[in-house]
Amino acid sequence: MADFILSAEGISKKYGAFSALTNVSLKLKSGEIRAVIGPNGAGKSTLTNVLGGQILPTAGTVVLDGRIVTGLAPHRRAGLGIGRTFQINSTFRHMTVRENMLAACVAAAGTGYSLFSSKLRVLDSRVAELVDEVGLSNISESIVEAISHGDRKRLELGMVLATGPRLLLLDEPTAGMGLNERQDLFKLIVDVVKKRGLTLMFVEHDIDIVFNLAERITVMARGSVLAEGNPDEISADPHVQEIYLGESVAAKGATC
Ligand SMILES: Nc1ncnc2c1ncn2[C@@H]1O[C@H](COP(=O)(O)OP(=O)(O)O)[C@@H](O)[C@H]1O
Ligand SMILES: [Mg+2]
């Protein structure tokens, strides 16, 4: 068995002359909880997309369980255990919570099922379990459009879990949410990850959440990895302090 569930070596991504990523390497141990942080434009989403298969890197290799997957399409990577959510919402707004989860289960079950199949009832208990796992049982018959942003994010997480991932890549899963909702969602994510024994890599702006939850932190700036370590090592790193102090000083300046 490979030591690392996922490893990326020497990843670069160019858009014309602009380098969004330059020689980025990152290894995720099976079962670890990793945060990726860094200022806007640092390359966090680009890296997550390279790992998930949404973006083909200009150079470098992505290895999943010892197998090179650099050029593999996202759905093939999902089949190998990579679950991915996006900054934008990917639920069906006019369907209920339960129907969305059913659609995710049908998609995950593959060609033997369709939304009109009589075999669909077989999936009912799985759908109910997933809805319950993400804490939405009480609103399972609500139309997605009518539920809160935080509950939509819970649903989205459940729909990714329907694919049976071993590694979750979450790009700012709490974007646009209030502090309490953010903390609740992250509590759920970590509970699910630990209970299922998954590996988690998440991108998050809220430094308190990151330092509370992550076992290791990768700090990116201008398309490169600036630092990597446990929360104590990262908070003591002078380069990291510099970019975050720089940000807060800039923010204070902007309010004057
Ligand atoms: N399709 C694209 N074409 C050109 N530049 C891009 C494209 N996607 C991202 N970039 C640029 O790459 C850099 C990294 O973007 P991104 O990975 O989204 O950063 P982050 O998620 O850390 O905020 C940014 O400067 C962004 O403008
Ligand atoms: Mg981003």
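Note on numbering: residues in each chain are counted from 1, in written sequence order. Ligands are numbered from 1 and chains lettered from A, in the order in which they are written. Where local features are concerned, this predicted model is filtered to residues with pLDDT of at least 70; where side-chain atom pairs are given and counted, the filter is 80 or more; whole-chain, interface and lining totals use all residues.

> A description of helix α1 (residues 44-52) should follow, citing residues and the corresponding values.
Residues that lie three or four places apart on an α-helix share one face, since the helix turns once every 3.6 residues. Using C-beta atoms placed from the backbone, we call a residue buried if 20 or more other C-beta atoms fall within 10 Å of its own, exposed if 12 or fewer do, and partly exposed for counts in between. Every helix listed is a DSSP run of H or I at least four residues long, and every strand listed is a run of E at least two residues long, numbered separately from the N terminus. Extensive coverage of α1 is indicated by the burial of 8 of its 9 residues. Three or more residues of α1 are buried, namely K44, T46, L47, T48, N49, V50, L51 and G52. Of the residues flanking the end of α1, it is G53, one or two places downstream, whose phi is positive at about 95 degrees.

> Describe in detail the site of ligand 1, supporting the description with residues and values.
For each residue, a C-beta atom is placed from the backbone, and the residue counts as near a molecule or strand when that atom lies within 6 Å of it. The local shell around ligand 1 consists of Y15, F18, A20, G38, N40, G41, A42, G43, K44, S45 and T46. Mapped by element, the contributors of at least two residues to the shell around ligand 1 are β2 (18-29) and α1. Examining the composition of the shell around ligand 1, we find that 3 residues originate from one element, α1, more than from any other.

> Now, about the sheet that holds strand β1 (residues 4-15): what can you tell me, with residues and values included?
In spatial order, the strands read β2-β1-β4-β5; together these 4 strands make up an open sheet with antiparallel pairing. Sheet topology places β2 and β5 (67-68) at the edges, where each strand pairs with a single neighbour. When β1 meets β2, the two strands line up antiparallel, connected through 8 bridges. Paired with Y15 across the strands is F18, a residue of β2. For every residue pair, C-beta atoms are placed from the backbone, and the pair is scored as a contact if these atoms sit within 7 Å. Every axis corresponds to a line fitted to the C-alpha atoms, with the helix fit spanning only the stretch in contact, and the corresponding angles, defined between N-to-C directions, vary from 0 to 180 degrees. Running at roughly 120 degrees to β1, α1 makes contact with β1, β2 and β4 (59-64) of the sheet. At least two DSSP bridges between two strands are needed for those strands to be called paired.

> Give me the lowdown on the environment of E181, citing residues and values where you can.
Mapped onto the fold, E181 is located in helix α6 (residues 179-196). Sequence separation of E181 and H149 is 32 residues, and the distance between their C-alpha atoms is 9.1 Å.

> Account for the confidence of the model for the chain, with residues named and values stated.
Averaged over all residues, the pLDDT of the chain equals 89, while 89% of them reach at least 70. pLDDT: the predictor's confidence for each residue, scored from 0 to 100. Across residues 248-256, where pLDDT falls below 50, the model places 0 contacts with residues more than four positions away in sequence or in other chains.

> Mind laying out the packing of helix α5 (residues 149-161) against α6, listing which residues take part and the relevant values?
Look at α5 against α6: their axes get within 10 Å of each other, and the N-to-C directions meet at 15 degrees. Of the possible angle classes, the one that applies to α5 and α6 is roughly parallel. At the point where α5 passes α6, the crossing takes the right-handed sense. Each of G150, K153, R154, L157 and L161 in α5 lies in contact with α6, whose residues at this interface are E181, D184, L185, L188, I189 and V192. Considering only residue class, the contact of α5 with α6 consists of 6 nonpolar, 1 polar and 4 charged. Angle categories are assigned with fixed cut-offs, so that under 35 degrees is roughly parallel, over 145 is roughly antiparallel, 65 to 115 is roughly perpendicular, and the rest are oblique. Left-handed describes a crossing whose near helix is turned anticlockwise from the far helix by less than a right angle; the clockwise case is right-handed. Residue polarity is assigned by list, with Asp, Glu, Lys and Arg as charged and Ala, Val, Leu, Ile, Met, Phe, Trp, Tyr, Cys and Pro as nonpolar; anything else, Gly included, falls into the polar class.

> Would you mind going over the sheet that holds strand β7 (residues 167-171) in detail, with residue names and values included?
Sheet architecture is open: 6 strands sit in the order β6-β7-β8-β3-β9-β10, paired in mixed fashion. Unpaired on one side and paired on the other, β6 (82-85) and β10 (224-229) mark the two borders of the sheet. Strand-to-strand twist in this sheet, taken as the mean axis angle between neighbours without regard to direction, amounts to 15 degrees. In this sheet, strand β8 (residues 199-203) lies alongside strand β3 (residues 33-37) in parallel orientation, the contact comprising 4 bridges. Bridge pairing in β8 places R34 opposite M201. Across the face of the sheet, α1 comes into contact with β3, β6, β7, β8 and β9 (216-221) while running at roughly 150 degrees to β7.

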